[in-house]
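Each chain, written out:
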Amino acid sequence: EAGVTQSPTHLIKTRGQQATLRCSPISGHTSVYWYQQALGLGLQFLLWYDEGEERNRGNFPPRFSGRQFPNYSSELNVNALELEDSALYLCASSLGQGAFSYEQYFGPGTRLTVT
Amino acid sequence: AQKVTQAQTEISVVEKEDVTLDCVYETRDTTYYLFWYKQPPSGELVFLIRRNSFDEQNEISGRYSWNFQKSTSSFNFTITASQVVDSAVYFCALSEVTGNQFYFGTGTSLTVIP
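Residues numbered from 1 in each chain as written. Chains lettered and ligands numbered in written order. Predicted model: local features only at pLDDT ≥ 70, side-chain atom pairs only at ≥ 80, totals over all residues. Heavy atoms only, no water.

Visitor: In this structure, what is going on with the overall build of chain B? I would like to understand it.
Guide: Each helix and strand counted, chain B has 0 helices and 12 strands in total. The N-to-C order of helical and strand elements in chain B reads β-β-β-β-β-β-β-β-β-β-β-β. Relative to the 2.2 N^0.38 estimate, which gives 13 Å for 114 residues, the radius of gyration of chain B is 14 Å and therefore close to what a compact globule would have. Its C-alpha atoms give chain B principal-axis dimensions of about 45 × 25 × 20 Å. (Helix = DSSP H or I, 4+ residues; strand = E, 2+ residues; numbered from the N terminus. Rg over C-alpha atoms; globule rule 2.2 N^0.38 Å.)

Structure, rendered in structure tokens:
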């Protein structure tokens, strides 16, 4: 069974540009989560999508946004990039119903570098 | 305040030693879930265990064991007879029924020296 996939692996952008990151969940999983892993800060919860709806978001500015498509894949958009947005962005998926109770399965991440 | 605290930033042990990774959490929910994940040098987080707030039974899986104590809001992870392959960053996480939030600790980097 295929795991969570993310693309691209690496992304280099300049300050002020927009970045788009993509994630495909494990088959059968309807919940998709996005996390930012910056050096020394652990994983910071960004967004949670389930059944095409945004269920919750972490403490991040509105320029971090995303969506979930009918096939449950997801896209994270970061507008007006700032240097401190440089981080590893991890996507995870889980079963949807009662998602808070399920373990999450993580993808390999997208390394975003903002110069 | 941190919802999940992993006070040990880095730990080094010699192979075959036992090591305990600490996790302290904070929540007002009566129903919540605790998790441990492993992030090896390759980078991909791997799920290790899930525990709900109503099940305080300790669990053992091979060389791994977990000690959940609600009285001290702790969910500690012990590796017995550590091996070099155990070298990784270990994350403790909390999910709450209310608020639909997920919280990860800052991780403990474990190095097992051969």
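There's more to say after this.
Visitor: Is there a simple way to explain the environment of Cys23(B) in this structure?
Guide: All names here are of chain B. Among the secondary structure elements, Cys-23 is positioned in the loop between β3 (19–21) and β4 (24–25). The sequence separation of Cys-23 and Pro-114 amounts to 91 residues, and the corresponding C-alpha distance is 26 Å. If we skip the residues at most four places from it in the chain, Cys-23 touches Val-4, Thr-5, Trp-36, Ser-73, Ser-74, Phe-75, Asn-76 and Cys-92. (Contact = heavy atoms within 4.5 Å.)

Visitor: I tried to follow the state of the cysteines on my own but got confused; where do I start?
Guide: A covalent bond between the sulfur atoms of two cysteines is what we call a disulfide. In total, this model carries 2 disulfides over all chains according to the counting rule given. Across the disulfide from Cys23(A) sits Cys91(A); the S-S distance is 1.8 Å. Between Cys23(A) and Cys91(A), the S-S torsion sits near -65 degrees, and that sign places the bridge as left-handed. Pair noted here: Cys23(A) is in strand β3 (residues 19–24) and Cys91(A) is in strand β9 (residues 87–94), with a separation of 68 residues, a long-range link. Through a disulfide, Cys23(B) is tied to Cys92(B); the S-S separation comes to 1.9 Å. On the S-S bond that ties Cys23(B) to Cys92(B), the torsion sits near -65 degrees, and the link is left-handed. Here the residue Cys23(B) occupies a position in the loop between β3 and β4, and Cys92(B) occupies one in strand β10 (residues 88–96), the gap between them amounting to 69 residues. You can call Cys92(B) buried: its relative accessible area is 0%. (Disulfide = S-S within 2.5 Å. Buried < 20%, exposed > 50% of the residue type's maximum accessible area, 1.4 Å probe, protein only.)

Visitor: Looking at this structure, I do not really get the pairing of strand β2 (residues 10–14) of chain B. What am I missing?
Guide: Each regular strand carries side chains that alternate between the two faces of the sheet. Residues and elements named next belong to chain B. Taking every second residue as pointing to the same face, the buried face of β2 carries Ile-11 and Val-13, while none of Glu-10, Ser-12 and Val-14 on the other face is buried. In this sheet, strand β12 (residues 108–113) lies alongside β2 in parallel orientation, the contact comprising 5 bridges. Within β12, the residue paired with Ile-11 across the bridge is Leu-110. (Pairing = 2+ DSSP bridges.)

Visitor: Sorry, what's going on with the interface of chain B and chain A here?
Guide: The extent of an interface is frequently quoted as the accessible surface area lost upon association of the parts. Tallying the contact residues gives 19 residues for chain B and 22 residues for chain A. Summing both sides of the interface, chain B and chain A together bury roughly 1,800 Å²; the carbon and sulfur share of this comes to 60%. The interface formed by chain B and chain A includes 1 salt bridge. Between Glu103(A) and Arg50(B) there is a salt bridge, with its nearest N and O atoms 3.0 Å apart. Counting residues per element, the ones that place at least two in the side of chain B that touches chain A are β5 (32–39), β6 (46–52), β10 and β11 (102–104) of chain B. Examining the composition of the side of chain B that touches chain A, we find that 4 residues originate from one element, β5(B), more than from any other. Across the side of chain B that touches chain A, the residue classes break down as 9 nonpolar, 7 polar and 3 charged. (Buried area = accessible area lost by both parts, 1.4 Å probe. Salt bridge = Lys/Arg side-chain N within 4 Å of Asp/Glu carboxyl O. Nonpolar A, V, L, I, M, F, W, Y, C, P; charged D, E, K, R; others polar.)

Visitor: Would you mind showing me how to read the sheet that holds strand β1 (residues 5–7) of chain A here?
Guide: Either a parallel or an antiparallel arrangement is found when strands of a sheet pair, and the pairing is made through backbone hydrogen bonds. Residue and element names in this part refer to chain A. Taking strand neighbours across the sheet as the criterion, the 4 strands line up as β1-β3-β8-β7 in an open arrangement whose pairing is antiparallel. Only two strands of the sheet have a single neighbouring strand rather than two, namely β1 and β7 (64–68). Pairs of neighbouring strands in the sheet enclose a mean axial angle of 20 degrees, with direction left out of account. With 5 bridges joining them, β3 and strand β8 (residues 74–78) adopt antiparallel strand pairing. Across the sheet, the residue bridging to Cys-23 is Ser-74, located in β8. (Axes fitted to C-alpha atoms, helices over the stretch in contact; angles between N-to-C directions.)

Visitor: Hey, could you run me through the side chain of Thr108(B) in this one?
Guide: Residue and element names in this part refer to chain B. Summarising the element assignment, Thr-108 is placed in strand β12. Overall, the relative accessible area of 0% leaves Thr-108 in the buried class. A distance of 2.6 Å separates a polar atom in the side chain of Thr-108 from the backbone oxygen of Gln-8. Sequence-distant contacts of Thr-108, that is, excluding residues within four places in its chain, are made with Gln-6, Gln-8, Thr-9, Ile-11, Leu-21, Ala-88, Val-89 and Tyr-90. (Polar contact = N/O pair within 3.5 Å; in protein donor to acceptor, adjacent residues only side chain to side chain.)

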